[in-house]
Amino acid sequence: MKNLFYYLENDKTAVLFHNESMNFYRVYDEKIKNYLKSFFIEGKYSRETENILNDLLIEINKEMEIKRKSENKNIGKRILTKLVLMVTNDCNLRCKYCYAKGGSYGLSINYMTITEAKNILDYFTKNFERINVIQIFGGEPLLNYKVIKFICEYFKFLNTSGFINYMPRFAIVTNGTYFSNEIIDLMKDYDLFKFFREKFGSYITHITPVCIQSDNSLSLNNFSLIVEEYTKEAVEYTFETMLNEKIVNSSTIITAVIDRLINKTPILYICPAGVETLSVRWDGNIYPCFMFTGSNMYVGNLSSESEEIISNVKSFVLKYNKKDLDSICANCWAKYVCSLCLGSFGEDINNKDKSYGADIMCIMIQTIIKNILLKLAEIKASQEKWQIVQEVIQRHSRKIGKIY
């Protein structure tokens, strides 16, 4: 039973979490709480605890069977969660910690042309039923503003002309040093300008731990307690803004975990690379993720048949990205909620080095999950607070797609 459930508590509440279904239960009955605490924390077996867990498993299995039947209806649909467009590998900065060698990935400097951008968008809108997010990437992508503008306007054209029946969300990864009024206006028009609140209007940011050799002074391996404390505070603040301001002001990592727990969306892979995400560079070469630009992890290009790309992506995922390939991941209580980054295992994906960043990311993710579960259980004691949180999360939830 211990490998199926995870129990945790604090001075305010207690939670029983079922790994595979992602069901979590607020434990408020003191007698049941004592049974579970005795079993999971103190290691003492009791018939009462076994009966409690067996009864829960019966209901959970029924629920999961219904869910599986519903999910089978969507098999075969090609929905790409995120398409990353590398519009240039040039950058106006040379940050010492940059994994991409100053944005160039060790390659000669190139800029995507409008013709190349059109060919890429035509290829992917033809071969996928939907693309939920277009992420503009570099180098520093704003150095190629004219192509970014074309990408946004071309999607609008495809939608208004009836070639596609949706508009993707647009996102950009930028160092923020190359803004102009024209760029700001474009971001406002296409829903990119979401990262400023008080001083900058920032609502949701993407903050990840430094991933670097463990002997580097920037490595977080010696600061795990600080990472844990910061993570707890971040989760607490996230729920404060939900309840008090009815908004989400947090990091993407925290909001993604909340979304998975609320919507019971299991994550079977270490990273979205090749499962939900593809990356295309300026010349049309396609990779599971931008992290592999310039490497031999190439899955095709615009001249490839879509089935060939799908086959190559599957091979990549099965070889590198399944959690069950790693003994620690396979047996972790948090594996269905966790999502890491293959880049956190070092530069050589064939010889994964967890000290490069994966270890500290595991600590951070597990801390996030534990504190979110406890906070949700605490809030669930109040019908009013629970309703507020559900409504706020629903407004910010996103659909998950798969490449194959």
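Residues numbered from 1 in each chain as written. Predicted model: local features only at pLDDT ≥ 70, side-chain atom pairs only at ≥ 80, totals over all residues. Heavy atoms only, no water.

Scanning the protein for helices and strands turns up eleven helices and twelve strands. Scaling as 2.2 N^0.38, a compact globule of 404 residues should have a C-alpha radius of gyration of about 22 Å, and the protein matches this with 22 Å. In terms of its C-alpha atoms, the protein occupies a principal-axis envelope of roughly 70 × 45 × 45 Å. A burial count over the protein gives 48% of its 404 residues as buried. (Helix = DSSP H or I, 4+ residues; strand = E, 2+ residues; numbered from the N terminus. Rg over C-alpha atoms; globule rule 2.2 N^0.38 Å. Buried < 20%, exposed > 50% of the residue type's maximum accessible area, 1.4 Å probe, protein only.)

Tallying each qualifying case throughout the model produces 15 salt bridges. Close ionic contact of Lys118 with Asp122 constitutes a salt bridge, the shortest N to O distance being 2.7 Å. Remark: Asp122 and Lys118 occur in helix α3 (residues 114–127); sequence separation between them is four residues, near one turn of the helix. Its relative accessible area of 34% is what places Lys118 among the partly exposed residues. Note on Asp122: relative accessible area 25%, which makes it partly exposed. With a shortest N-O distance of 2.9 Å, Asp283 and Arg281 are connected by a salt bridge. On the basis of relative accessible area, Asp283 is assigned to the partly exposed category, the value being 38%. (Salt bridge = Lys/Arg side-chain N within 4 Å of Asp/Glu carboxyl O.)

Across all of its chains, the model carries 14 aromatic pairs by this definition. Consider the rings of Phe17 and Trp333, whose centres lie 6.3 Å apart with planes at 90°: the pair is edge-to-face. Of this pair, Phe17 sits in strand β2 (residues 14–18) while Trp333 sits in the loop between α9 (327–330) and α10 (358–380), and the two are 316 residues apart along the sequence. Neither residue differs from the other here; Phe17 and Trp333 are each classed as buried. Ring geometry for Phe124 and Phe128: centres 5.8 Å apart, planes at 10°, overall stacked. Like Phe124, the residue Phe128 is buried in the burial classification. (Phe/Tyr/Trp six-rings, centres within 6.5 Å; stacked < 30°, edge-to-face > 60°.)

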